[in-house]
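The residues making up each chain are set out below.
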Amino acid sequence: MSTVLRGAFVLLPILLTLACVSPGDHKLPLLEAGAASPPIVAGGAYYREGYVIPLNTFGNNHGSSLVELDDGKIFITWFAGEQEGSSDTRIFGTMFDLKSGIYTTPTVVVERQSPVKGNILTDKTIGNTALYKDTNGKLWLFYTAVPFGGWALALVRYTISPDGGKSWSHSETFIGQPGTLVRTKPIYVGSNIFLVPAYTELLIRKGYTCTVTHNETRTFTRNCGTSMERGGAIQPAIVQMKD
């Protein structure tokens, strides 16, 4: 094989990868705030429904998460785009005021081509979100990212907001094992300690948890590997019992 042909075979996968993850020119649709219905209170129960954004703003909305802030407002994230896995997918955030029933106009929290610390290439697409507010008031957003291929090769990334969702740090990789995703919220288990539920879809389908121990800054350690007993079970949701 000639030197030219060998060079072409080496460059072709790189060019194909770059084509998949180039920034592109996907235009962001007009974003408008959603609206909630008046609250319904009956027998001590409280109910209210609404759309965080008007219907048909995106072809697909999925993987939402929410967290209550110190002021009682609710911060909500989700991913949206033309369809699940498309290259125009972004993660959005909005604030909901329980008293007024008003949502803020959604803003982009993560672009799929957002820089990731230690990575040269950007992600092909992004997905599920999982929010957590730590004991110091910081918001942690864990999300699924696909650098190439499909969900079976996904990784878990994270970004942190020190100001209730107004600004976010550069994304970093939380779990770099291919085929790992998140879907449900982390939970508090002790001062500066929380659990992140995760699951795998590559070769072995299983759910497990990661224990995160952090300080007042963004420095933290993680320990992953506590698997659920039942094989094949994914998207775990966890709750702390009284004992």
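About the criteria used
Residues numbered from 1 in each chain as written. Predicted model: local features only at pLDDT ≥ 70, side-chain atom pairs only at ≥ 80, totals over all residues. Heavy atoms only, no water. Pairing = 2+ DSSP bridges. Helix = DSSP H or I, 4+ residues; strand = E, 2+ residues; numbered from the N terminus. Core = buried A, V, L, I, M, F, W, Y, C linked by side-chain atoms within 4.5 Å. Buried < 20%, exposed > 50% of the residue type's maximum accessible area, 1.4 Å probe, protein only. Contact = heavy atoms within 4.5 Å. pLDDT = per-residue confidence, 0-100. Axes fitted to C-alpha atoms, helices over the stretch in contact; angles between N-to-C directions.

K.L.:
Honestly, the pairing of strand S5 (residues 60-68) in this entry has me stumped. Any pointers?
P.N.:
Side-chain direction in a regular strand flips from residue to residue, so the side chains alternate between the two faces of the sheet. Summarising the sheet, S5 and strand S6 (residues 74-81) pair through 7 bridges and their orientation is antiparallel. Along S6, the bridge assignment pairs Leu66 with Ile76. Hairpin geometry of S5 and S6 is characterised by an intervening segment of 5 residues between the two adjacent antiparallel strands and by a positive phi of about 90° at Gly72.

K.L.:
Even after reading the chapter, I still don't get unusual backbone geometry, so can you show me in this structure?
P.N.:
Trans peptide bonds make up most of the peptide bonds, and negative phi angles are found at most residues other than glycine. Positive phi values are uncommon outside glycine, yet Asn56 reaches one of about 70°. Note that Asn56 resides in the loop between strand S4 (50-51) and S5.

K.L.:
Help me understand the nonpolar core in this model?
P.N.:
What tends to happen in soluble globular proteins is that the nonpolar side chains get buried as a cluster. Counting 16 residues, the largest nonpolar core has Trp140, Phe142, Phe174, Ile175, Phe194 and Val196 as the members making the most contacts within it. When residues of this core are traced back to their parent elements, those giving at least two are strand S10 (125-133), strand S11 (139-146), strand S12 (155-161), strand S13 (172-175), strand S16 (193-200) and strand S17 (206-214). When residues no more than four places from it in sequence are discounted, the contact partners of Phe142 are Asn128, Thr129, Ala130, Val156, Arg157, Tyr158, Phe174, Val182, Pro186, Phe194 and Val196. Ranked by size, the runner-up nonpolar core spans 15 residues in total, among them Val109, Ile126, Leu139 and Tyr143.

K.L.:
Sorry, what's going on with the confidence of the model for the chain here?
P.N.:
When pLDDT is low, close inspection of the predicted coordinates is not appropriate. With 85% of its residues at a pLDDT of 70 or more, the chain has an overall mean of 82. Scored below 50 in pLDDT, residues 1-25 shows 16 contacts in the model against residues more than four places distant or in partner chains.

K.L.:
Teacher, can you tell me more about the sheet that holds S10 here?
P.N.:
What holds strands together in a sheet is hydrogen bonding between their backbones, with the strands either parallel or antiparallel. Spatially, S10-S11-S12-S13 is the arrangement adopted by the 4 strands of the open sheet, whose pairing is antiparallel. Pairing within the sheet leaves two strands with one partner each, and these edge strands are S10 and S13. Strand after strand, the sheet turns through a mean of 35° between neighbouring axes, direction not considered. In this structure, S12 lies alongside S13, joined through 3 bridges in antiparallel fashion.

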